[in-house]
Amino acid sequence: MTAPSSSPAPAAPVPAPATGPLPTEGPTEGPTEGRGAGLTKGPAEGRGAGRFGPVALVVSAGISVQFGAALAVLIMPRTGAAGVVTLRLAAAALVLLLLCRPKVRGYSRADWGTVVAFGVTMAGMNGLFYQALDRIPLGPAVTLEVLGPLALSVIVSRRLVNLLWAGLALGGVVLLSGHGGGSGFGSLDPAGVAYALGAGAMWAAYIVYSARTGRRFPQADGLALAMAVAAVLSLPLGVLQAGSALLVPSTLALGIGVAVLSSVLPYTLELLALRRMPAPTFAVLMSLEPAIAATAGFLVLSQALSPLDALAIALVIAASMGAVRSQLTKPPT
């Protein structure tokens, strides 16, 4: 998004900004693709969980993602939302392809179908999220986007307690929508809200396909290939909206900066952190990203939050953390 979107708990990267509760498929050791996708048990469970270093890495990754999103908002007057998406995905795809050098032979039609679906969801998640950022503040946008992965976690968990977390999150949204002052949802552009919710739905699908891709492709090869698919899909819309503005050197440089901050750097930091911390700790830390997004919006974009806005975002964060913890600690069946 939030992500490697738009990204509450172990979710896929994002390119999208933000966080996301839990994937829907079986356990894996560490992230398969994207931002913590496929996590249910960390490679370092019980080792180094109390050390500040890994926690600092995860928080730094969240800061990188959300400040990258804030930087993207600054580019939008030059290229429009579609142009920013094209710059981000193309730059991230180029970097990942150069770093991973994925093999393209030896895969089945089903493998390629999975990676294409992953790329489609990645393009949709980023495209919808940046359309939302073009219309509403960063903090509320990430908070709304988080509802997609949170809903996925509640649906697949089949635990009654997660209905409580869903109700808490809904309460946060109602709180924001119930007043029209400040930057609350009551004063937000309805189209921007719809785009953010759509990005959340795509984020949920992104989590599913990220985990599936990780089981079919080694290392980050599937992520690199899916990013290339997403970049190709976004290119026509970006060219149509921005045209030659995409080739302005300063705009290109800023687009590369967004790609590094929102994709390459956070993925690297999170992979390093997951070698030294349990996945449940990682998941809960990622649930803090709506708050980080609100901070980035305030510091970079001067998007202030009212006390009610802050309380509503806190409710969604608490719901995300609760859903993540309840699923990660559920008894085996």
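Here we summarise the structure given alongside this text. Please read all numbers here as calculations on a predicted model, not as lab measurements. (Residues numbered from 1 in each chain as written. Predicted model: local features only at pLDDT ≥ 70, side-chain atom pairs only at ≥ 80, totals over all residues. Heavy atoms only, no water.)

**Brief notes about helix α5 (residues 190-216)**
Operational definition: By definition, any uninterrupted DSSP run of H or I lasting at least four residues is a helix, any uninterrupted run of E lasting at least two residues is a strand, and each is numbered from the N terminus. In this scheme, a helix's expected span is set at 1.5 Å multiplied by one less than its residue total. Whenever a nitrogen or oxygen atom comes within 3.5 Å of another N or O atom, the pair is scored as a polar contact, on the condition that within protein one atom can donate a hydrogen and the other can accept it, and that pairs from neighbouring residues in sequence are kept only if both atoms are in side chains.
The terminal C-alpha atoms of α5, which comprises 27 residues, lie 39 Å apart, in line with the 39 Å expected from a rise of 1.5 Å per residue. The N-cap residue of α5 is Asp-189: its side-chain oxygen and the backbone nitrogen of Ala-191 are 2.8 Å apart.

**A few points about the nonpolar core**
Rule in force here: Among buried residues, those of type Ala, Val, Leu, Ile, Met, Phe, Trp, Tyr and Cys that are joined through side-chain atoms within 4.5 Å constitute a nonpolar core. Working definition: with a 1.4 Å probe on protein chains only, accessible area under 20% of the residue-type maximum means buried, over 50% means exposed, and in between means partly exposed. We call two residues in contact when some of their heavy atoms are within 4.5 Å.
Grouped together as the largest cluster of nonpolar side chains are 56 residues, with contacts concentrated most on Met-122, Phe-129, Tyr-130, Leu-133 and Leu-138. Those elements that provide at least two residues to this core are α1 (52-100), α2 (109-133), α3 (138-157), α5, α6 (221-242), α7 (249-274) and α9 (289-301). With 15 residues, the top contributor of residues to this core is α1. Among residues more than four places away in sequence, those in contact with Leu-133 are Ala-69, Val-73, Met-76, Leu-138 and Ala-141. Counting seven residues, the second largest nonpolar core, distinct from the first, contains Leu-57, Leu-269, Ala-273 and Met-277.

**Considering the packing of α2 against α5**
We apply this condition: Fitted lines through C-alpha atoms give the axes, limited to the stretch in contact for helices. The angle between two N-to-C directions lies from 0 to 180 degrees. Throughout, the term roughly parallel applies to angles under 35 degrees, roughly antiparallel to angles over 145, roughly perpendicular to angles from 65 to 115, and oblique to all others. With the far helix as reference, a near helix turned anticlockwise by less than a right angle produces a left-handed crossing, and one turned clockwise produces a right-handed crossing.
Put simply, α2 and α5 touch, their axes get as near as 7 Å, and they point 155 degrees apart. Here α5 runs roughly antiparallel to α2, going by the angle between their axes. In this structure, α2 crosses over α5, and the sense of that crossing is left-handed.

**Topic: a nonpolar patch on the surface**
Test applied: Patch membership requires over 30% relative accessible area and the absence of a salt bridge. Like charges are linked within 9 Å, and nonpolar side chains (Val, Leu, Ile, Met, Phe, Trp, Tyr) within 5 Å. With residues, only the protein chains shown are counted as cover, and all accessible areas are computed by Shrake-Rupley using a 1.4 Å probe. When a carboxyl oxygen of Asp or Glu is within 4 Å of a side-chain nitrogen of Lys or Arg, the pair counts as a salt bridge.
Nonpolar side chains collect at one region of the surface, where Leu-74, Phe-298, Leu-299 and Val-300 lie side by side and expose about 380 Å² of accessible area between them. If you tally residues by element for the nonpolar patch, the top one is α9, at three residues. By the secondary structure assignment, Leu-74 is in helix α1. The partly exposed category is assigned to Leu-74, whose relative accessible area is 47%.

**Remarks on the packing of aromatic side chains**
Selection rule: Paired rings are identified among Phe, Tyr and Trp, the last through its six-membered ring, by centres lying within 6.5 Å, and are further divided according to the angle between planes into stacked (under 30 degrees), edge-to-face (over 60) and tilted (the rest).
Throughout the structure, instances matching the rule amount to five aromatic pairs. Centroid distance Tyr-107 to Trp-112: 5.9 Å. Interplanar angle 90 degrees. Geometry classified as edge-to-face. Here a set of aromatic residues connected by ring pairs shows up, and it is made of Tyr-107, Trp-112 and Phe-217.

**What to know about the environment of Lys-103**
Positionally, Lys-103 belongs in the loop between α1 and α2. Here Lys-103 falls in the exposed class, since its relative accessible area comes to 63%. In this structure the C-alpha to C-alpha distance between Lys-103 and Pro-218, which are 115 residues apart in sequence, comes to 9.6 Å. Apart from residues lying up to four places away in sequence, Lys-103 is in contact with Asp-221 and Leu-225.

**Regarding unusual backbone geometry**
You will see that Arg-101, though not glycine, has its phi angle at about 45 degrees, which is positive. Here Arg-101 is to be found in the loop between α1 and α2.

**Digging into the pattern of salt bridges**
A complete count under the given rule lists one salt bridge for this structure. A salt bridge links Arg-216 to Asp-111, with the nearest nitrogen and oxygen atoms 2.6 Å apart. Taken as a pair, Arg-216 in helix α5 and Asp-111 in helix α2 lie far apart in primary sequence, 105 residues in all. Overall, the relative accessible area of 37% leaves Arg-216 in the partly exposed class.

**Looking at the packing of α2 against α6**
To describe two helices that pack against each other, one gives the angle between their axes and the distance between the axes. The line we're drawing: Three categories are distinguished: nonpolar for Ala, Val, Leu, Ile, Met, Phe, Trp, Tyr, Cys and Pro, charged for Asp, Glu, Lys and Arg, and polar for the others, with Gly belonging to the last.
With their axes 7 Å apart at the nearest point, α2 and α6 run at an angle of 55 degrees to one another. By the angle between their axes, α2 is oblique relative to α6. Note on packing geometry: the crossing formed by α2 with α6 is right-handed. Across the interface between the two elements, Trp-112, Val-115, Val-116, Phe-118, Gly-119, Val-120, Met-122 and Ala-123 from α2 touch Gly-222, Leu-223, Leu-225, Ala-226, Met-227, Val-229, Ala-230 and Leu-233 from α6. Of the residues that constitute the contact of α2 with α6, the class distribution is 14 nonpolar, two polar and no charged.

**Examining the environment of Ala-220**
Mapped onto the elements, Ala-220 comes out in the loop between α5 and α6. Residue classification places Ala-220 among the partly exposed residues on the basis of a relative accessible area of 25%. Taking the C-alpha atoms as reference, Ala-220 lies 9.5 Å from Leu-99; in sequence the two are 121 residues apart.

**A word on the environment of Ala-72**
Structurally, Ala-72 is set in helix α1. Residue class for Ala-72 comes out buried when judged on its relative accessible area of 0%. Put simply, Ala-72 and Ser-262 are 190 residues apart on the chain and 9.5 Å apart in space, counted from C-alpha to C-alpha. Those residues in contact with Ala-72, other than ones at most four positions away along the chain, are Val-84, Tyr-130 and Val-258.

**Things to note about the side chain of Thr-251**
With respect to the secondary-structure elements, Thr-251 resides in helix α7. In this structure the side chain of Thr-251 is engaged in a polar contact, spanning 3.4 Å, whose partner is the side chain of Arg-78. Apart from the residues lying within four places of it in its own chain, the contact partners of Thr-251 are Ile-75, Arg-78, Thr-79, Leu-87 and Ala-245.

By themselves these figures say nothing about function.
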